[in-house]
There are 2 protein chains.
Amino acid sequence: MPHQLIKKVAIVGGTHGNELTGVYLIKKFQKFPHLIERENFNTLTLIANPKAVEVCIRYIDTDLNRCFQPEDLQNPKLINYEQMRAKQIAQYLHQEKVDFIIDLHSSTAHMGVTIILNNDNCFLLRLAGYLSTVNPLVKILQYSQKQKPSYLRSLCELGLAIEVGSVPQGVLNGYFFLQTELVLSQILDYIQNNNQGIKQPIYNSFFIYKQLETIDYPRDEQGELKAMIAPQIKDYEPLYPNSPMFLGFDGQEISYQGNSTCYPVFVAEAAYLEKQIAMCLTIQQQVTLSDDFGE
Amino acid sequence: MPHQLIKKVAIVGGTHGNELTGVYLIKKFQKFPHLIERENFNTLTLIANPKAVEVCIRYIDTDLNRCFQPEDLQNPKLINYEQMRAKQIAQYLHQEKVDFIIDLHSSTAHMGVTIILNNDNCFLLRLAGYLSTVNPLVKILQYSQKQKPSYLRSLCELGLAIEVGSVPQGVLNGYFFLQTELVLSQILDYIQNNNQGIKQPIYNSFFIYKQLETIDYPRDEQGELKAMIAPQIKDYEPLYPNSPMFLGFDGQEISYQGNSTCYPVFVAEAAYLEKQIAMCLTIQQQVTLSDDFGE
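Values in this document were obtained by computation on a predicted structure and should not be read as measured data.

Rules of the game
- Residues numbered from 1 in each chain as written.
- Chains lettered and ligands numbered in written order.
- Predicted model: local features only at pLDDT ≥ 70, side-chain atom pairs only at ≥ 80, totals over all residues.
- Heavy atoms only, no water.
- UniProt positions renumbered as here; feature names shortened; annotations may be inferred.
- Helix = DSSP H or I, 4+ residues; strand = E, 2+ residues; numbered from the N terminus.
- Least-squares fit on C-alpha atoms with pLDDT ≥ 70 in both.
- Contact = heavy atoms within 4.5 Å.
- Domains from an automatic or database assignment.
- Buried area = accessible area lost by both parts, 1.4 Å probe.
- Salt bridge = Lys/Arg side-chain N within 4 Å of Asp/Glu carboxyl O.
- Polar contact = N/O pair within 3.5 Å; in protein donor to acceptor, adjacent residues only side chain to side chain.
- Nonpolar A, V, L, I, M, F, W, Y, C, P; charged D, E, K, R; others polar.
- Axes fitted to C-alpha atoms, helices over the stretch in contact; angles between N-to-C directions.
- Parallel < 35°, antiparallel > 145°, perpendicular 65-115°, else oblique.
- Left-handed = near helix turned anticlockwise from the far one by under 90°.
- Phe/Tyr/Trp six-rings, centres within 6.5 Å; stacked < 30°, edge-to-face > 60°.
- Buried < 20%, exposed > 50% of the residue type's maximum accessible area, 1.4 Å probe, protein only.

*Asks:* Got a minute to help me understand the UniProt feature "domain: AstE/AspA barrel-sandwich hybrid" (unreviewed entry) in chain A in this structure?
*Replies:* UniProt's entry tags residues 206-282 of chain A with the feature "domain: AstE/AspA barrel-sandwich hybrid" (unreviewed entry), counted in the numbering of this structure. End C-alpha atoms of residues 206-282 of chain A are separated by 16 Å, and the span's content is 0% helix alongside 36% strand.

This is the structure in structure tokens:
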């Protein structure tokens, strides 16, 4: 099977209007387009939620990055700002024949530089292996296959998000701006070399984190928080059975009741409080690529 | 001169509705009031901006913590939500004869545990010396005397803020929750011992940071940012003349033009982007207390 050719890449920022890393990177690329130009494919840039960017909030009516389920895009009854915007974006990327999407995000959790894959497409896994090889900061997170694809990046089979943090909402963080720019440039280089059929250095074996489930805060009958996340909990660090997970306002520790070690991510993500998510649990999995994997 | 007696202390959270450290500490104290009870003075607790807390935003109409100028409190034309709320709070704390205010805040800047004093009242400076002695994490920040007092804490001569960070807006951070609770408890202990005339251990000499000026981001003619804060800039670390201060989106560094070393604080505070503040500059100053200072 020949290597997969990528002809057009969309780089998207401002899917959440208060995640300024992506917003200002897109503005920079729009001013200095040579930074994202490569020889054998085209790129386009997009501010996904301009109204939310303007007022520096996550969204106007509803979270844009949950509006891309195929049936929702077809549903004429969904007409609020983000629902309409999702339809426009889907149509635009389809018309432009975009076959690879990179969506730029930041998290208030200490996620470092995380590449989020929606699926286990073999091209994406090879790219993940490449990034793990050339960039020691990169972690690979794979969303559950059970989830319906509702993310902007799920408009293509080849879609990913770059999620950096901790970056507070509304903050332009220079360090993570530069890290995002670097890993984005590494992705574009990989695509260019892949298009030319050039073999690229890849560890045959690397780790990914697979999303298992989300955990809400302990709450009382009124839905009020009864506890905060235990200060020991860190993104991508092992959480062992019976070790502290929450610290109650009454001083009592609440421990993790699972049977096996997991790795929390999105720990205390500000935007997930309203989604009743204190953290997401993942398992660490070793991926081993065969030499002809995906080719 | 006898030591100053404190009879009633107000502990305030939620002056900014998305700074959850203070909000949840106040809720905890309201549920477990013995935690803030002391022998020889009374305490009261207050959620300053309940409407903003409810929707987890900084404010509804205007920043509550800029509404406490005496002339504004007297001005019948100022009737938006926070302006009215400021008048209610001022009246309430006056009726209750509160003579010490502790206002709980968090910042998206890496401020650690900062005690902010509005003035150089000698009682506050002795307390600052005490906290510097018993708590190695504490830094003391003194606001400019030139500024008009518009903060909630400026309703009393004896007022301070505890400002912790980095805590993203909308995040309940366990580590800084516990640190705030600790330093608050140390302040209450100091007040109790002071009321009893007990001498407390104080280094005679400690550092404070005095606010000099605020610095905006470099902007173009349309007011758009042209640069981000240079990643080297850290809160409370020295910024030398001609060293990098901003990094332009065109790749050019913009250096600090001042003549003497300063110490930036509130570096990339999310809430200050709209106030056109990228950071505040301070000078480091050694305070030496004489043995009978303030007594």
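*Asks:* Would you mind showing me how to read the relation of the copies chain A and chain B here?
*Replies:* For these two chain copies, the linking operation is a rotation about an axis paired with a shift along it. Mapping chain A onto chain B calls for a rotation angle of 180° and an axial translation of 0.0 Å; the resulting RMSD is 0.0 Å. This pairing of chains is accounted for by a two-fold axis. For chain A, the residue whose C-alpha comes nearest the rotation axis is Pro168(A), separated from it by 2.3 Å. Both copies share a contact surface, since 100% of the interface residues of chain A are interface residues in chain B too.

*Asks:* What should I look at first to understand the domain arrangement of chain A in this one?
*Replies:* In many reports, interface size means the accessible area that the parts give up when they come together. All names here are of chain A. Domains assigned within chain A are domain 1 (6-204) and domain 2 (211-280). The interface of domain 1 with domain 2 comprises 19 residues on the first partner and 13 residues on the second. Together domain 1 and domain 2 conceal approximately 1,400 Å² of surface at their shared face, both sides included; 48% is due to carbon and sulfur atoms. Our count for the domain 1 to domain 2 interface comes out at 1 salt bridge. Two residues, Lys275 and Asp63, come together in a salt bridge whose shortest N-O distance is 2.8 Å. Counting the contacts that link domain 1 with domain 2 gives 9 residue pairs in polar contact (both at pLDDT 80 or more). For the side of domain 1 that touches domain 2, the elements supplying multiple residues, two or more each, are β4 (112-117) and β5 (138-142). Classifying every residue of the side of domain 1 that touches domain 2 by side-chain character gives 6 nonpolar, 8 polar and 5 charged.

*Asks:* Quick question: what am I supposed to make of the interface of chain A and chain B here?
*Replies:* Taken together, the contact pairs 28 residues of chain A with 28 residues of chain B. With both sides pooled, the region where chain A packs onto chain B buries about 2,300 Å², and carbon together with sulfur makes up 73% of that total. On the chain A side of the interface with chain B, the three residues burying the most area are Leu172(A), Met228(A) and Phe249(A), jointly 24% of the side's total. Joining chain A to chain B, the criterion identifies 2 salt bridges.

*Asks:* Looking at this model, I keep getting lost on the side chain of Asn135(A). Mind explaining?
*Replies:* All names here are of chain A. Mapping Asn135 onto the fold places it in the loop between α5 (122-134) and β5. Side-chain polar atoms of Asn135 contact the backbone nitrogen of Leu137, separated by 3.0 Å. With residues near it in sequence (within four places) discarded, Asn135 still touches Leu182, Val183 and Gln186.

*Asks:* Would you mind going over the packing of helix α1 (residues 20-31) of chain A against helix α6 (residues 174-195) of chain A with me for this structure?
*Replies:* Two quantities define a packed helix pair, namely the angle between the axes and the distance from one axis to the other. Residues and elements named next belong to chain A. Two numbers describe how α1 lies on α6: the axes approach to 10 Å, and their chain directions differ by 60°. Taken as axis vectors, α1 and α6 run oblique relative to one another. The crossing of α1 and α6 is right-handed. When α1 is examined against α6, the residues Thr21, Tyr24, Leu25, Lys28 and Phe29 are found in contact with a partner set consisting of Phe176, Phe177, Thr180, Glu181 and Leu184. For the contact of α1 with α6, the per-class residue count stands at 6 nonpolar, 2 polar and 2 charged.

*Asks:* Please explain the packing of aromatic side chains as it appears in this structure.
*Replies:* One pair of aromatic rings is described through two measures. These are the centre distance and the angle between the planes. This structure, assessed with the given rule, holds 22 aromatic pairs over all chains. Aromatic side chains Tyr217(A) and Phe246(A) sit 6.1 Å apart centroid to centroid with 50° between the ring planes, which places their arrangement in the tilted category. Highlighted residues: Tyr217(A) in the loop between β7 (205-215) and β8 (227-229) and Phe246(A) in strand β9 (residues 244-248), separated in sequence by 29 residues. Both rings, one in Tyr209(B) and one in Tyr263(B), keep their centres 5.6 Å apart while their planes meet at 65°; by these two values the pair is edge-to-face. With Tyr209(B) in strand β7 (residues 205-215) and Tyr263(B) in strand β11 (residues 263-265), this residue pair connects regions lying 54 residues apart in the sequence. Exposure remark for Tyr209(B): the relative accessible area of 7% places this residue in the buried category.

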